[in-house]
Amino acid sequence: MTAVATRTGDPATCDAPEIRVERGQREVFCGLTGIIWLHRKIQDAFFLVVGSRTCAHLMQSAAGVMIFAEPRFATAIMEERDLAGMADQNEELDRIVERLLERRPDIKLLFLVGSCPSEIIKLDLSRAAERLSTRHLPDVRVLNYSGSGIETTFTQGEDRCLAALVPEMPAARDDVPRLLVAGALADVVEDQLLRTFEALGLGPVDVLPPRRAGALPPVGRNTRVLLAQPFLAETARALERRGARHLPAPFPVGVEGTRGWLEAAAAAFGIAAERVAAVTESGRARAATALAHYRDELAGKRVFFFPDSQLELPLARFLARELGMIPVEVGTPYLHRGHLADELALLPRETVLVEGQDVDRQLERCRAAAPDLVVCGLGLANPLEAEGVTTKWSIELLFTPLQGFEQAGDLAELFARPLRRRARLKV
Amino acid sequence: MQLTVWTYEGPPHVGAMRIATAMTGVHYVLHAPQGDTYADLLFTMIERRDARPPVTYTSFQARDLGTDTADLFKRAAREAFERFRPEAMLVGSSCTAELIQDDPGGLARALDLPVPVVALELPAYQRKENWGAAETLYHLVRACAPAPDAVDKPADGVPRCNLLGATALGFRHRDDVREIERLVKQLGVQVNVIAPLGARPTDLARIPAADFNVVLYPEIAGTTAKWLERAYGQPATTVVPIGVGATEAFVDEVAALAGVDPKAARADGTARLPWYSRSVDSTYLTGKRVFVFGDATHAVAAARVARDEFAFEVVGLGTYAREQAREVRAAAKEMGLEALVTDDYLDVERQIADLQPELVLGTQMERHVAKRLGIPCAVISAPVHVQDFPARYAPQMGFEGANVLFDTWVHPLMMGLEEHLLTMFREDFEFHDDAGASHLAKSRSAGATADAPSAAGEDAVVAVAAAPEGDPLWSDDAEKELKKIPFFVRPKARRNAERYAAERGVATITVETLYDAKAHYGR
């Protein structure tokens, strides 16, 4: 409905592409959706959404397409009597939490997750969490954050969740510099990257979120934060409040991004770039071999991104610089100018960057641009395919291990497969 | 507050979307925050629709609250009208917008659009998806239909009916409509309007011109049909044609309403179920214990078909549709059962685990439960899954629908029987207990480990299956003998032996006890 073009103010990035801001109908998930991967990542945590039937339906619809195992999440559905004041909502919530903890004695950390309706009626979940924590500690710690669609878009739910963990992190006691890698990564990727840090002689290294709620890493003024995901604005702010320092870096997507990311950490720990080059040589060589398979297939192909996970910029940068693709328009729900400064500098200058969304206008632009490949959400993919447009579901980019050298080829495959499929099909 | 892991129905505005998406020329402007657009994927992914649902979401954010959310709605409605040029518009709120009380109806009226605008009041904290669909269809038909004295009824003497209730995202609605249309045409009855699936607002305006209405899904078309009966004197069918018997009764009912001879359609000749059920290889189906759960229409129909047309024994019947609980209770009572009326899938799981049926006829939710319990299952009702939109023609209604039921319900059992024969040769290197049943893919070894990390549902099952204290012990020999019993009856044999032993104060279950119990409980 409104579109404002802005140029990033920082003179250092004046070669970076222009960013348009758009407002209108959005076609993205809300922050609750982050629970779908977070509940698998922190294995003794449970996520209780305090919301409506819509929230529950969203969770199962989004999860139903993606996972088949039993969830460690649930929804406390507010009903008429809760809203009409016939039932005390705090008592109701306490009752539900009791029942839940009785059934799941394995839970060590319970998140009360705020939703659109709970935010609108100003249900104070932080007080509820405090009250419930007092009652259930030391067995269960209760925290809260908001994943509501009026405040968070998709991956911002993870940001809020991690930010809620930060005040619980123990204070780092000594003066040893520590590296903290923030952002949920697939376990396999996390292990690979940790092995690389070890090979570099860089450490100690902690990760946020940890795999178990009891293993929260320490934080303090000697903590250096390396973001593994581009959507962690609040988390970074919360860590900075605890004295940690953010290390500017590209994101570990593709060879270039992974190398830059490792180098940023290495530099902060006094390790030379040559050392990084030596340690990562075999990984980079393998990635180069893997990517070479795809370059012919993908080079020169035009790609259009609808906003989804905030991973769009690093992905577009990877596709442009390592596979020779041409990003036509790159939409992203929110663009953190600071955290993405390195990415902005690497993107081709003519790339159109759009922050926010007005889906109908964007569809018009997409049709006019006639790209070879469109990266979009599940609501748009089949309708676009039916129009003859080749698409890649963006959600898969969040559920596939794609960071690091070893995954660069897999990542390229995700973009190549839809194109190859369309070329093969004779129906 | 209600603790929910999975829900059987979405919120009522999703019901409204099912009506809007089923139709052409209707656009729904929904006052809702950004996340609510997830509902689009129900249609584009689960149903594989090739177009976006005709819905505009206002996508209001926290910063809009208290300032201009009403304005945002008006702007979205006006732009949606200009962009999509619908013939009729629906406006309403999702659960969040209901709380900010912007009155989309009033705001839309103020826009003075040149098409009918239907304001939907769908209380999200009281009602659910099917109710929302029923309300939306009713209000839309009311808004489009002419005054009773302005109805233009053709005077050609040809009986006409409307087929009401098929929606987008409906369980086999796409194929049911085709099958029933074929059936009524055989009777010489003309189909006047099919709605909402495939209809335009102008078609809704022609509904009163028919002689009577065929109510395919009472959950969705019931309200509308009752109103049409009151307003235009159009009678409606009461029989839902699922199964051979019900299809014949339906044919008779339609013939009576139309004043024609039912013979043409009754002797249709496409029903294979009766012969397939009588043929000797179906003997093994006799008395199979089935548990039935679904929406009211499909659950009641499936229970009746299971008993009368498959000679199964219905051991449990239930529904998640509280609005239609009375029908289900009555049907259950007739079968000597007490209906399970709940929308908590853990209750359903508990009852299935207790009853240990040999077949579950349920929804996608029960399919998951049955998979965990290692019980064969066929899906008979919404909520739907991408599998419920098969590429082939697969109605549930009419004679062809009955054929489909035969195949879908017998298939999992037949596979079970084959596995049983195979497990007679127990030492075969390919067919051993840990290999699991091929038709219950991964349900045993792989599935068990995948689901293992103390899942909610698992816990409930374990709690049920765990022997209470003081229960008899199993001797090694008896345990070994038990393993020779086919896996799908093994839990029942174990349960029976334990109950038999407990009732008789037998401390240790031996091979003897096992066979004593078998003789005692055997039918």
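Residues numbered from 1 in each chain as written. Chains lettered and ligands numbered in written order. Predicted model: local features only at pLDDT ≥ 70, side-chain atom pairs only at ≥ 80, totals over all residues. Heavy atoms only, no water.

**A few points about the pattern of salt bridges**
Part 1 of the argument: Evaluation of the coordinates by the stated rule reveals 60 salt bridges over all chains.
Part 2 of the argument: When the shortest N-O distance is used, the salt bridge between A:Glu364 and B:Arg83 registers 2.5 Å. Of this pair, A:Glu364 sits in helix α15 (residues 359-369) while B:Arg83 sits in helix α3 (residues 69-84), placing the two residues on different chains.
Part 3 of the argument: Residue classification places A:Glu364 among the partly exposed residues on the basis of a relative accessible area of 42%. (Salt bridge = Lys/Arg side-chain N within 4 Å of Asp/Glu carboxyl O. Helix = DSSP H or I, 4+ residues; strand = E, 2+ residues; numbered from the N terminus. Buried < 20%, exposed > 50% of the residue type's maximum accessible area, 1.4 Å probe, protein only.)

**Section: the sheet that holds strand β6 (residues 160-166) of chain B**
Residues and elements named next belong to chain B.
Part 1 of the argument: The strand order across the open sheet built from three strands is β7-β6-β8, with neighbouring strands paired in parallel fashion. Each edge of the open sheet is held by one strand with a lone partner, namely β7 (190-196) and β8 (212-215). In this sheet, neighbouring strand axes are inclined to one another by 25 degrees on average, regardless of whether the strands run parallel or antiparallel.
Part 2 of the argument: For β6 and β7, the ladder comprises six bridges, and the chain directions are parallel. Each residue of the ladder has a partner; that of Leu163, found in β7, is Ile194.
Part 3 of the argument: Packing of helix α9 (residues 218-232) onto the sheet brings it into contact with β6 and β8, and relative to β8 it is tilted by some 165 degrees. (Pairing = 2+ DSSP bridges. Axes fitted to C-alpha atoms, helices over the stretch in contact; angles between N-to-C directions. Contact = heavy atoms within 4.5 Å.)

**Some points on the pairing of strand β13 (residues 352-357) of chain A**
Residue and element names in this part refer to chain A.
Part 1 of the argument: Within β13, five of the six residues are buried, which leaves the element mostly enclosed by the surrounding structure.
Part 2 of the argument: By the bridge criterion, four bridges tie strand β12 (residues 326-332) to β13 in an arrangement that is parallel. When the sheet's bridge partners are listed, Glu329 is paired in β13 with Val352.
Part 3 of the argument: A crossover links β12 with its parallel partner β13, the connecting element being helix α14 (residues 341-346), and its sense is right-handed. (Right-handed = clockwise from strand over helix to strand, strands pointing away.)

**Looking at the nonpolar core**
Part 1 of the argument: A:Leu48, A:Phe111, A:Leu112 and B:Trp409 are the most contacted members of the largest nonpolar core, which has 265 residues in total.
Part 2 of the argument: Here the element with the most residues in this core is helix α13 (residues 296-309) of chain B; it accounts for eight residues.
Part 3 of the argument: Not counting the four nearest positions on each side in its chain, B:Trp409 is found in contact with B:Ala302, B:Val305, B:Ala306, B:Phe310, B:Phe312, B:Leu359, B:Leu361, B:Ala378 and B:Ile380.
Part 4 of the argument: One finds B:Ala77, B:Val91, B:Leu107 and B:Val115 within the second-largest nonpolar core, a separate group that totals 12 residues. (Core = buried A, V, L, I, M, F, W, Y, C linked by side-chain atoms within 4.5 Å.)

**A few points about the interface of chain B and chain A**
Part 1 of the argument: In this complex, chain B contributes 66 residues to the contact, which on the side of chain A involves 67 residues.
Part 2 of the argument: Interface of chain B and chain A: buried area, both sides summed, is about 5900 Å²; carbon and sulfur atoms make up 57% of it.
Part 3 of the argument: Looking only at chain B, the three residues that lose the most surface to chain A are B:Met1, B:Leu3 and B:Tyr125, adding up to 17% of its buried area.
Part 4 of the argument: No other element matches the six residues that α3(B) contributes to the side of chain B that touches chain A.
Part 5 of the argument: Grouping the constituent residues of the side of chain B that touches chain A by class yields 31 nonpolar, 16 polar and 19 charged. (Buried area = accessible area lost by both parts, 1.4 Å probe. Nonpolar A, V, L, I, M, F, W, Y, C, P; charged D, E, K, R; others polar.)

**Examining the packing of aromatic side chains**
Part 1 of the argument: Inspection of every chain in the model, using the stated rule, returns 18 aromatic pairs over all chains.
Part 2 of the argument: With centroids separated by 5.5 Å and ring planes inclined at 65 degrees, the aromatic side chains of A:Phe29 and A:Phe154 adopt a geometry described as edge-to-face. Here A:Phe29, found in the loop between β2 (19-23) and α1 (35-41), pairs with A:Phe154, found in the loop between β6 (141-146) and α7 (156-165); they are 125 residues apart in sequence, far enough to count as distant.
Part 3 of the argument: Residue A:Phe154 is classed as buried on the basis of its relative accessible area, which comes to 0%.
Part 4 of the argument: In textbook terms, an aromatic cluster arises when at least three aromatic residues are bridged by ring pairs, as seen for B:Tyr276, B:Phe310, B:Phe312, B:Phe406 and B:Trp409.
Part 5 of the argument: Over the face of the ring belonging to B:Tyr393 we find B:Arg178, whose NZ or CZ atom lies 3.9 Å from the ring centre.
Part 6 of the argument: We note B:Arg504 situated over the ring of B:Tyr500; from NZ or CZ to the ring centre the distance is 3.8 Å. (Phe/Tyr/Trp six-rings, centres within 6.5 Å; stacked < 30°, edge-to-face > 60°. Lys NZ or Arg CZ within 6 Å of the ring centre and 35° of its normal.)

**Topic: empty space enclosed by the protein**
Part 1 of the argument: One pass over the full model with this rule turns up eight cavities of 30 Å³ or more.
Part 2 of the argument: The computed volume of the largest cavity comes to approximately 120 Å³.
Part 3 of the argument: What lines the largest cavity is a set of 13 residues, among which A:Glu27, A:Phe29, A:Gly377, A:Leu378 and A:Gly379 lie closest to the centre.
Part 4 of the argument: Secondary-structure elements contributing two or more residues to the lining of the largest cavity are α16 (378-386) of chain A together with α2 (39-46) of chain B.
Part 5 of the argument: In this model, the second largest cavity occupies a volume close to 80 Å³.
Part 6 of the argument: Along its surface, the second largest cavity is lined by 13 residues, and A:Cys30, A:Thr54, A:Cys55, A:Cys116 and B:Asp36 are the ones closest to its centre.
Part 7 of the argument: Broken down by secondary-structure element, the contributors of at least two residues to the lining of the second largest cavity are α2 (53-66) and α5 (116-120) of chain A together with α4 (95-100) of chain B.
Part 8 of the argument: In terms of residue count, α2(A) provides more of the lining of the second largest cavity than any other element does, three residues in total. (1 Å grid on protein atoms, 1.4 Å probe; cavity = no way out; pocket = protein on both sides within 12 Å on 5 of 7 lines; lining within 4 Å. Points joined across faces, edges and corners; volume = space filled by probe spheres on them.)

**Structural notes on the domain arrangement of chain A**
Residues and elements named next belong to chain A.
Part 1 of the argument: Splitting chain A by domain gives domain 1 (3-27 + 291-426), domain 2 (31-152) and domain 3 (178-282).
Part 2 of the argument: A separation of 25 Å is found between the C-alpha centroids of domain 1 and domain 3.
Part 3 of the argument: Domain 1 puts 25 residues into the contact, and the matching count from domain 3 is 28 residues.
Part 4 of the argument: Together, His339, Gln403 and Phe405 form the three largest contributors to the area buried by domain 1 at its contact with domain 3, with a combined 35%.
Part 5 of the argument: Put simply, domain 1 and domain 3 have one salt bridge between them. (Domains from an automatic or database assignment.)

**Observations regarding the pairing of strand β4 (residues 73-77) of chain A**
Part 1 of the argument: Most of β4(A) sits out of view: five of its five residues are buried.
Part 2 of the argument: Side chains of β4(A) alternate between two faces, with A:Phe73, A:Thr75 and A:Ile77 and A:Ala74 and A:Ala76 buried alike.
Part 3 of the argument: As paired strands, β4(A) and strand β1 (residues 2-4) of chain B are joined by three bridges and run antiparallel to one another. Note on β1(B): the bridge partner recorded for A:Ile77 is B:Gln2.

**Points about helix α4 (residues 89-103) of chain A**
Part 1 of the argument: With 15 residues, α4(A) ought to run about 21 Å at 1.5 Å a step, and its terminal C-alpha atoms sit 21 Å apart, in line with that.
Part 2 of the argument: Those residues of α4(A) lying buried are A:Gln89, A:Glu92, A:Leu93, A:Asp94, A:Ile96, A:Val97, A:Leu100 and A:Leu101.
Part 3 of the argument: Looking at the buried side of α4(A), the elements it contacts are β3 (45-51), β4, α3 (80-83), β5 (109-114) and α6 (125-136) of chain A together with β1 of chain B.
Part 4 of the argument: Taking the backbone nitrogen of A:Asn90 as reference, a side-chain oxygen 2.8 Å away marks A:Asp88 as the first, capping residue of α4(A). (Expected span 1.5 Å × (residues − 1). Polar contact = N/O pair within 3.5 Å; in protein donor to acceptor, adjacent residues only side chain to side chain.)

**Some words on unusual backbone geometry**
Part 1 of the argument: Going from A:Gly203 to A:Pro204, the amide bond is cis rather than trans, its omega being 0 degrees.
Part 2 of the argument: Structurally, A:Pro204 is set in the loop between α8 (187-200) and β8 (205-208).
Part 3 of the argument: Located in the positive-phi region is B:Ala311, a residue other than glycine, with phi close to 60 degrees.
Part 4 of the argument: Position of B:Ala311 relative to the elements: it lies in the loop between α13 and β10 (313-319).
Part 5 of the argument: You will see that B:Gln356, though not glycine, has its phi angle at about 45 degrees, which is positive.
Part 6 of the argument: One can find B:Gln356 in the loop between α15 (345-355) and β12 (359-362).
Part 7 of the argument: The exposure class of B:Gln356 is buried, given its relative accessible area of 19%.

**Focus on the sheet that holds strand β2 (residues 26-31) of chain B**
All names here are of chain B.
Part 1 of the argument: The parallel open sheet is built from four strands, whose spatial order is β3-β2-β4-β5. Pairing within the sheet leaves two strands with one partner each, and these edge strands are β3 (55-57) and β5 (117-119). Ignoring which end each strand starts from, the neighbouring axes of this sheet average 20 degrees apart.
Part 2 of the argument: In the sheet, β2 pairs with strand β4 (residues 88-93) via six bridges, with the strands oriented parallel. Bridge pairing links His27 to Met89 in β4.
Part 3 of the argument: Against the sheet, helix α5 (residues 104-111) contacts β2, β4 and β5, and its axis sits at roughly 145 degrees relative to β4.

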